[in-house]
Amino acid sequence: MKSLRSTYALTPKHPQTFNLLIRNCISSTPSSSGDINPISISPTVSSPDHQHDGVSAIDAGTSFRKPISLWPGMYHSPVTNALWQARSIIFDTLNATDSVTNKTPAHSRTTILYPFSSDYILREQYRNPWNGIRVGKLLEDLDALAGTISFKHCFNHASMAESLLLVTASVDKMVIKKPILVDRDLKIVGAVTWVGRSSMEIQLEVLQSNDESQALIANFTFVARDSKTGKSAIINQVTPETEKEKLLWQEAEERNKLRKERRVQQKKKIEHEKEAERLNALLAEGRVFIDMPALADRDSILIQDTCLQNSLVCMPQQRNTHGRIFGGFLMRRAFELAFATAYAFAGRAPLFLEVDHVDFLKPVDVGNFLRFKSCVLYTELENPEQPLINIEVVAHVTRPELRTAEVSNKFYFTFTTKADGKTNSKIRSVVPATEEEARRVIERIDAEKC
């Protein structure tokens, strides 16, 4: 049973204009002091030519008038603007080499600052209707930052941009450890912590409040591919230096082993008698809904009756540096559909708790017809004050001209609710009506236990 890990509160304050301030965060050699030079989403009331600590500000508006070749698409947030600008000049500071080399985590470490407390306009971009943080945009930024960190670690010279393809392979479970408020300054710090032959893990920490305590931690796995052959490509290794970096490397190594074991387990079919009994137990109530609906438990509801979906055609403006649809965009769309599903199910605004491990199974290309389907997969009602609502969102790449549809992503989000004194809606349990739904429920429950 999980505990409540998220509340929301803010009061918008003074409006100011803001610019994107990129500090010298792309150097291939860490500073001698060990400090991290941050990418700051920073307020200013002066002109775009204003100098701050010797660093010129990049105006958020004029950044869209850069040469179109500089940007992979026109889909931007304040953070992706700053990160793409950083990538565009990263090669200016690289020591070019053709051979695979070793780099320390410090070489890829990058920090993003969000001065929410002083920048009204920036705060408004990340505020949800309930005066909390817009989690979907934060997930989008995490993916964008992880991509830049992988870029900094793997690329040794400019020509590699044409030969090496870096893609998000998976995202481990992310758990909200404390409320993330939109009226307090926020910082995200990340670096490469582990490298295999062609894959790497990037760990990101979301820090907030005066003591910069950890609010969320995320582990992204990226893989490198040869852009021409599509086969795996060897990348730079990572050499941890500090005791913390060595510990993070060991933890990432264990997670990599667990991921491989889980892939093997997922291929096995439910054959044991005990698991068959679990299937039958889950399906028993669903059969009552199908065969004798008048006698069904009024405190339960079929999974199929909680479903929502939306569709879109992927546009060029949503593509990343490799011409495919930006992974953070997919995560944001999935989260916002999951939020709506939990909202419609609970009858009051849900509170986000965690997103489980995400696998990027198929690439999504410009022009693909993408369909997101969501449902409440199961609920946990042991604690009536803090019920848990587990939402599944499945993304399908549909090609009508070929009459085909493939799953590109599966997302699993956990929400809870907080009584507001205005609604008396009771959280119901959900039951599967088909064996396929029952299997999905069992797989998710077992994954949660692991």
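Residues numbered from 1 in each chain as written. Predicted model: local features only at pLDDT ≥ 70, side-chain atom pairs only at ≥ 80, totals over all residues. Heavy atoms only, no water.

Peer 1: Any details on the overall build of the protein? Residues and values, ideally.
Peer 2: Helices and strands together make up the secondary structure of the protein, namely nine helices and 20 strands. Roughly 21400 Å² of accessible area belongs to the protein as shown, and the carbon and sulfur atoms make up 51% of that amount. (Helix = DSSP H or I, 4+ residues; strand = E, 2+ residues; numbered from the N terminus. Areas by Shrake-Rupley, 256 points an atom, 1.4 Å probe, with all protein chains shown as cover.)

Peer 1: Quick one: what's the story with the pairing of strand S11 (residues 213–226), residue by residue and with numbers?
Peer 2: The side chains of a regular strand alternate, residue by residue, between the two faces of the sheet. Two strands pair when backbone bridges link them, and strand S7 (residues 164–171) and S11 are joined in this way by seven bridges, in the antiparallel orientation. By the bridge assignment, Leu-164 is partnered in S11 with Asp-226. Across 10 bridges, strand S10 (residues 199–208) lies against S11 in antiparallel orientation. Within S11, the residue paired with Gln-208 across the bridge is Ser-213. (Pairing = 2+ DSSP bridges.)

Peer 1: Which residues make up empty space enclosed by the protein, and what values do they have?
Peer 2: Here the structure, examined in full by the defined rule, presents three cavities of 30 Å³ or more. Lining of the largest cavity is provided by Asp-356, Leu-377, Tyr-378, Asn-390, Ile-391, Glu-392, Tyr-412, Phe-413, Thr-414, Arg-444 and Glu-448. For the lining of the largest cavity, the secondary structure elements donating two or more residues are strand S17 (369–380), strand S18 (388–399), strand S19 (404–417) and helix H9 (435–449). Of the residues assigned to the lining of the largest cavity, the class counts are five nonpolar, two polar and four charged. (1 Å grid on protein atoms, 1.4 Å probe; cavity = no way out; pocket = protein on both sides within 12 Å on 5 of 7 lines; lining within 4 Å. Points joined across faces, edges and corners; volume = space filled by probe spheres on them. Nonpolar A, V, L, I, M, F, W, Y, C, P; charged D, E, K, R; others polar.)

Peer 1: Explain the nonpolar core residue by residue, including any values.
Peer 2: In this structure, Tyr-114, Leu-142, Phe-372 and Phe-413 are the most contacted members of the largest nonpolar core, which totals 84 residues. Here this core takes 11 residues from helix H8 (residues 327–346), the largest share from any one element. Beyond its immediate stretch of four places on either side in the chain, Phe-413 contacts Leu-139, Met-331, Ala-334, Phe-335, Ala-338, Phe-352, Glu-354, Val-355, Ile-389, Asn-390, Ile-391 and Val-393. (Core = buried A, V, L, I, M, F, W, Y, C linked by side-chain atoms within 4.5 Å. Buried < 20%, exposed > 50% of the residue type's maximum accessible area, 1.4 Å probe, protein only. Contact = heavy atoms within 4.5 Å.)

Peer 1: Summarise the side chain of Lys-152; cite the residues concerned and give the values.
Peer 2: For Lys-152, the position within the fold is in helix H4 (residues 135–154). Lacking a salt bridge, the buried Lys-152 has Glu-245 as its closest oppositely charged neighbour, with an N-O distance of 13 Å. At 2.8 Å, the side chain of Lys-152 forms a polar contact with the side chain of Thr-110. (Lys, Arg positive; Asp, Glu negative; His and termini not counted. Salt bridge = Lys/Arg side-chain N within 4 Å of Asp/Glu carboxyl O. Polar contact = N/O pair within 3.5 Å; in protein donor to acceptor, adjacent residues only side chain to side chain.)

Peer 1: Pulling in residues and values, what's your account of H4?
Peer 2: For H4, spanning 20 residues, the distance from its first C-alpha to its last is 29 Å, which sits close to the expected 28 Å at 1.5 Å a residue. Of all the 20 residues making up H4, 20 are buried; the element is thus mostly covered by neighbouring parts of the structure. (Expected span 1.5 Å × (residues − 1).)

Peer 1: Before we move on, could you go through the pairing of S18 and cite the residues and values that matter?
Peer 2: Counting buried positions along S18 yields 11 of 12 residues, so the element is predominantly enclosed. As judged from the 11 bridges shared by S17 and S18, these two strands associate in the antiparallel manner. If you follow Ser-374 over to S18, its bridge partner there is Val-393. Here S18 hands over to S19 after four residues, with Arg-403 in that stretch at a positive phi of 55°.

Peer 1: Could you give an account of the packing of H4 against H8, naming the residues involved and the relevant values?
Peer 2: Following both chains from N to C, one finds H4 and H8 inclined at 160°, their axes separated by 8 Å at the closest point. Between H4 and H8, the crossing angle belongs to the class labelled roughly antiparallel. For the element pair H4 and H8, the recorded crossing hand is right-handed. Between H4 and H8, the residues in contact are Val-135, Gly-136, Lys-137, Leu-139, Glu-140 and Asp-143 and Gly-327, Gly-328, Phe-329, Met-331, Arg-332 and Phe-335, respectively. For the contact of H4 with H8, the per-class residue count stands at five nonpolar, three polar and four charged. (Axes fitted to C-alpha atoms, helices over the stretch in contact; angles between N-to-C directions. Parallel < 35°, antiparallel > 145°, perpendicular 65-115°, else oblique. Left-handed = near helix turned anticlockwise from the far one by under 90°.)

Peer 1: With reference to specific residues and values, describe the packing of aromatic side chains.
Peer 2: A complete count under the given rule lists 14 aromatic pairs for this structure. Considering the side-chain rings of Phe-335 and Phe-352, the 5.3 Å spacing of their centres and the 85° angle between planes classify their relative orientation as edge-to-face. Placement of Phe-335 in helix H8 and of Phe-352 in strand S15 (residues 350–355) is noted, with a sequence separation of 17 residues between them. In this structure Phe-335 comes out as buried when scored by relative accessible area, which is 5%. Judged by relative accessible area, Phe-352 falls into the buried class, the value being 1%. A connected cluster of aromatic rings, assembled from ring pairs, spans Trp-130, Phe-335, Phe-339, Tyr-343, Phe-352, Phe-411, Phe-413 and Phe-415. Taking the ring centre of Tyr-126 as reference, the NZ or CZ of Lys-137 above it sits at 5.1 Å. The ring of Tyr-412 carries the charged tip of Arg-444 above its face, separated from the ring centre by 3.8 Å. (Phe/Tyr/Trp six-rings, centres within 6.5 Å; stacked < 30°, edge-to-face > 60°. Lys NZ or Arg CZ within 6 Å of the ring centre and 35° of its normal.)

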